[in-house]
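# Report on the structure
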Amino acid sequence: MRLFSHRLGLALAAVVCAGTAGAVAPALTAQAATGCQVTYTITNQWPGGFGANVSVNNIGDPVNGWKLTWSFDAGQTITQLWNGSHTQSGAQVTVSDAGYNSSIPTNGTTSFGFNGSWNGSNPVPTEFALNGTSCTGTVASPSASPTRSPDSSPSASPSPSASPSASPSASPSASPSPTPSVSPSGTTPPTNPVGKVLTVAAGSPFRPVTHVATGGLYGLAENSRPADSALLPLKVNSLTQPAPGVGQRPNGQPPGGDSLLVAPQATRVGAGEYIRMPDIYPNFPYQWVSWDDWLAKVNTMVRARLNATSVTNIEGWELWNEPNWTWNTSAAGSFNDGWTRTYRAVRALDTTTPIVGPSIAYYNRSWLSSFLSSAKAAGTLPDIICWHELGDPTAIAAHIADYRSLESSLGISPRRIAINEYAATSEVDVPGRIASYVAKFERAGVETAHRAFWYEYGTMNGLVVNNSQPTGTWWLYKWYGDMAGRMVTTTPPGQTGLDGFASYDSTRKIVNVVLGDESGTNTVRLTGIGALGPSVRVTLESTHTPNRFTSVPAATAISDIVYRVTGDQLLVTVPNMVTSNAYHVVVQPASGVPSYQQRYEAENASVFRAQRQTGSSASEGGYVGRIDNNTSTHRTDSYVDFVVNVPTARTYTMTIGYANGDDATATQGLAVNGGSWSTVSYPATSGWGQFGATVSTSVGLKAGYNVIRLAKGSPGFSGGTGYAELDYIQLT
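Reference entry: report on the structure contained in this document. Note that this is a predicted model, so its numbers are computed, not measured. (Residues numbered from 1 in each chain as written. Predicted model: local features only at pLDDT ≥ 70, side-chain atom pairs only at ≥ 80, totals over all residues. Heavy atoms only, no water.)

Counting its secondary structure elements, the protein chain contains 10 helices and 42 strands. A total of 732 residues make up the protein chain; the buried ones form 60% of that total. Total accessible area on the protein chain is roughly 24,600 Å²; 50% of this is exposed by carbon and sulfur atoms. (Helix = DSSP H or I, 4+ residues; strand = E, 2+ residues; numbered from the N terminus. Buried < 20%, exposed > 50% of the residue type's maximum accessible area, 1.4 Å probe, protein only. Areas by Shrake-Rupley, 256 points an atom, 1.4 Å probe, with all protein chains shown as cover.)

Shown next as structure tokens:
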């Protein structure tokens with residue numbers, strides 16, 4: 001089964017309870033008519049652990065002070081609980097209110113969540129009792145012969161919520177539950193910011209979510225290391241892997257991570273690859289032999305790739321690595337001339353795969369100016385410009401702005417930018433600092449960014465331990481992976497300290513914010529959230545990495561509060577921040593959202609040899625066009641891979657939003673999880689880039705993560721006909 005942070009399905013125990021006054025706790029009115037409905041949801045599960053949400057709906061008279069009891073039949077144990085307190089004696093569990101949520105009005109709802117441990121099986125409890133009254137599904141009338149007078153009058157409305165630092169928190173790894181822990185009207189939010197302020201403009205999107213910075217240098221090793229289950233929740237964008245026939249022995253390790261050998265796994269999780277060509281050498285810095293030797297190696301590497309006709313995810317040749325200090329000028333001549341010779345040797349065999357470079361160790365304007373001028377004159381400009389950011393992230397914005405100015409001054413058309421190594425040894429396992437890197441890459445328009453390699457192959461650069469268990473930093477990338485829709489503008493107080501990145505999914509009305517790199521109590525100011533309604537539920541959690549070898553089975557819950565919203569702005573206080581930690585804020589309508597993501601935008605998906613484009617009639621303002629290629633060798637085939645997450649194994653109806661401006665019906669291939677192919681037909685529509693038309697088909701999905709491919713061409717598929725542009729898929 002898929003292990004990480006996916007919904008296992010709405011494993012619901014919805015049992016209605018009713019009881020007599022004699023069984024009610026003293027805080028209740030003796031003559032109260034009682035009844036309740038309990039919904040127990042397993043929100044996520046991993047080896048030995050799980051998260052759950054419990055919602056209690058009071059369908060009887062108002063309750064002031066509550067205890068909910070049940071038994072675990074399979075030895076499960078609660079390890080952490082929020083929005084209440086708990087005791088457990090053997091199988092028997094008692095959860096009490098947290099004070100601020102002690103009152104449940106008639107037809108009101110309260111909820112709490114917890115993390116637990118399990119071994120062998122994790123069945124859902126089937127019997128619950130509220131204040132000693134069994135849940136049976138009806139409302140009991142008051143006792144006919146009461147002998148007690150009320151201890152107190154029942155409260156008709158909930159007590160004010162506690163401050164974020166005092167109240168327990170939400171489930172750390174699942175989408176927020178649609179049942180808030182206070183009345184839907186919510187509490188009054190803060191009116192004045194505290195500490196430093198990160199502004200999130202939910203109404204100002206600037207690019208589609210593509211998980212730009214979820215990538216790694218040597219992130220994968222042969223034999224599926226790390227496991228797919230650890231990678232799929234992250235929505236890995238791309239990787240830089242060693243050359244075919246890798247000789248590189250980093251840190252004395254045996255050669256590993258061969259780009260062609262790991263390609264099947266990278267493809268299974270939706271990731272593209274750059275091939276780092278000088279990793280054919282065993283040593284670093286690379287030990288130059290001769291031009292004859294190097295060009296023979298180039299020939300061997302390129303032919304190996306061309307012969308691997310089932311490999312379709314190669315997105316670039318990286319010709320050299322950190323030439324500003326690893327290129328042997330005395331033996332090989334100038335790097336600028338060497339670049340041109342190598343470029344031409346690759347292009348003589350492979351005319352289509354993008355070329356990446358120069359991949360210098362740090363941004364250097366004068367070095368790049370010389371390189372670009374030479375490459376322009378020789379007709380050997382890289383398709384993707386690349387350098388590394390291996391220290392303080394505060395200069396990233398300035399570096400990219402300066403590069404764009406340099407590019408323009410040299411009369412060079414804008415190149416795509418890759419930062420295929422980022423974060424120093426002191427930063428790469430620090431979630432708070434990584435939040436700052438990701439924020440700056442997203443805002444600056446970087447296309448791909450890869451975590452630097454410092455230690456070992458096959459751990460996604462320290463995100464995974466024991467092949468399948470998450471470290472603390474993994475959770476930051478999981479939060480990033482959960483983002484959908486469009487990235488929205490974030491404005492930090494400066495380039496140092498507090499920073500963060502955010503998305504808004506308008507189809508589900510969810511705002512996700514990840515922030516960090518600051519200490520003390522600070523504030524997230526959200527604007528443009530009017531579409532979420534008059535009250536919103538705000539959950540807050542954090543993550544910390546003790547070290548790269550320690551598994552962290554869940555993020556740490558901090559708070560879960562429903563706020564009233566006036567206008568379209570909200571202040572969220574993030575208390576007691578630790579600089580090394582990252583924090584996750586989720587804002588959604590208090591009325592709830594769908595229990596799982598149903599719509600997946602094409603522009604959010606993994607796109608190979610097609611183009612993300614914008615259009616006013618497209619869902620979320622974007623779509624994928626130019627899905628044109630269908631070749632016999634498959635290395636230039638066009639396809640889109642959707643990584644989806646569903647709650648249960650069943651057949652789903654998949655609705656596809658599309659456009660087809662031709663006169664004839666177009667077709668594409670459809671495959672799920674690398675399985676057998678079927679064909680989807682797209683009748684002609686009103687024009688290219690004009691959306692609103694849909695077609696539907698059925699897909700069988702397993703519970704958890706799946707990869708759905710729509711392709712013009714792909715290995716094993718005979719090829720599509722005509723042309724169709726993709727807007728979204730929707731699973732119901």
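Take the packing of helix H9 (residues 431-444) against helix H10 (residues 472-482) next. Look at H9 against H10: their axes get within 10 Å of each other, and the N-to-C directions meet at 30°. Classified by the angle between their axes, H9 and H10 sit roughly parallel to one another. Note that H9 runs across H10; the crossing there is right-handed. Contacts from Pro431, Ile434, Ala435, Val438 and Glu442 in H9 reach Gly472, Thr473, Leu476, Tyr477 and Tyr480 in H10. Here the contact of H9 with H10 is composed, by residue class, of seven nonpolar, two polar and one charged. (Axes fitted to C-alpha atoms, helices over the stretch in contact; angles between N-to-C directions. Parallel < 35°, antiparallel > 145°, perpendicular 65-115°, else oblique. Left-handed = near helix turned anticlockwise from the far one by under 90°. Contact = heavy atoms within 4.5 Å. Nonpolar A, V, L, I, M, F, W, Y, C, P; charged D, E, K, R; others polar.)

The subject of this paragraph is the sheet that holds strand E29 (residues 556-564). What the nine strands build is an open sheet, ordered E29-E28-E31-E26-E25-E24-E13-E27-E30; its pairing is mixed. Of all the strands in the sheet, just E29 and strand E30 (570-577) have a single pairing partner and so form its edges. The sheet shows a mean angle of 25° between the axes of neighbouring strands, direction not considered. Examined bridge by bridge, strand E24 (residues 486-491) and strand E25 (residues 499-505) share three bridges and lie antiparallel to one another. Residue pairing for E25: arginine 486 is matched across the bridge by tyrosine 504. The strands touched by H9 within the sheet are strand E13 (197-208), E24, E25, strand E26 (510-516), strand E28 (535-543) and strand E31 (582-589), with E25 carrying the most contacts at an inclination of about 60°. Here H10 sits on the sheet in contact with E25, E26, E28 and E31, set at roughly 150° to E28. (Pairing = 2+ DSSP bridges.)

Across five bridges, the pairing between E13 and strand E27 (residues 520-527) is parallel. Counted as the bridge partner of valine 197 is threonine 523 from E27.

This brings us to unusual backbone geometry. A cis amide bond, omega -5°, links arginine 225 with the succeeding residue proline 226. If you trace the backbone, proline 226 turns up in the loop between strand E14 (215-217) and helix H1 (228-231). Residue phenylalanine 284 is joined to proline 285 through a cis peptide bond whose omega torsion reads 0°. For serine 359, which is not glycine, the phi dihedral falls at a positive 60°. When you line up the elements, serine 359 lands in strand E18 (residues 355-360). Notably, glutamate 620 is not glycine yet its phi reads approximately 60°, a positive angle. Checked against the element boundaries, glutamate 620 lands in the loop between strand E34 (611-614) and strand E35 (622-625).

Residues Met277, Trp294, Trp387, Tyr422, Phe441 and Phe501 are the most contacted members of the largest nonpolar core, which totals 88 residues. Non-local contacts of tryptophan 294, meaning those with residues more than four positions away in its chain, are made with Met277, Pro278, Ile280, Tyr281, Trp288, Met301, Leu319, Trp320 and Thr342. Counting residues in each nonpolar core, the second largest holds 30 residues, with Ala605, Ile656, Tyr658 and Tyr682 among its members. (Core = buried A, V, L, I, M, F, W, Y, C linked by side-chain atoms within 4.5 Å.)

Under the counting rule described, the total for this entry stands at 45 aromatic pairs. Ring geometry for phenylalanine 72 and phenylalanine 114: centres 6.4 Å apart, planes at 65°, overall edge-to-face. Of this pair, phenylalanine 72 sits in the loop between strand E5 (67-71) and strand E6 (77-82) while phenylalanine 114 sits in strand E10 (residues 109-117), and the two are 42 residues apart along the sequence. Here phenylalanine 72 and phenylalanine 114 have matching classes, each one buried. (Phe/Tyr/Trp six-rings, centres within 6.5 Å; stacked < 30°, edge-to-face > 60°.)

Structurally, threonine 210 is set in the loop between E13 and E14. Excluding residues within four positions of it along the chain, threonine 210 makes contact with Asn237, Glu603 and Arg612.

Right, let's talk about the pairing of strand E19 (residues 384-387) for a bit. Of the two faces of E19, the one holding Ile384 and Cys386 and the one holding Ile385 and Trp387 are both buried throughout. Alignment of E18 against E19, held across four bridges, turns out to be parallel. Counted as the bridge partner of isoleucine 360 is tryptophan 387 from E19. Remark: the E18/helix H7 (residues 365-378)/E19 crossover connection has right-handed handedness. As paired strands, E19 and strand E20 (residues 416-422) are joined by three bridges and run parallel to one another. Residue pairing for E20: cysteine 386 is matched across the bridge by alanine 418. (Right-handed = clockwise from strand over helix to strand, strands pointing away.)

Below, the discussion takes up the sheet that holds E5. Ordered in space as E7-E8-E5-E11-E12, the five strands form an open sheet in which the pairing is antiparallel. The open sheet has two free edges, formed respectively by strand E7 (85-89) and strand E12 (133-134), since each of these has just one partner strand. Pairing between E7 and strand E8 (residues 92-96): five bridges, direction antiparallel. Among the inter-strand pairings, serine 89 is bridged to a residue of E8, identified as glutamine 92.

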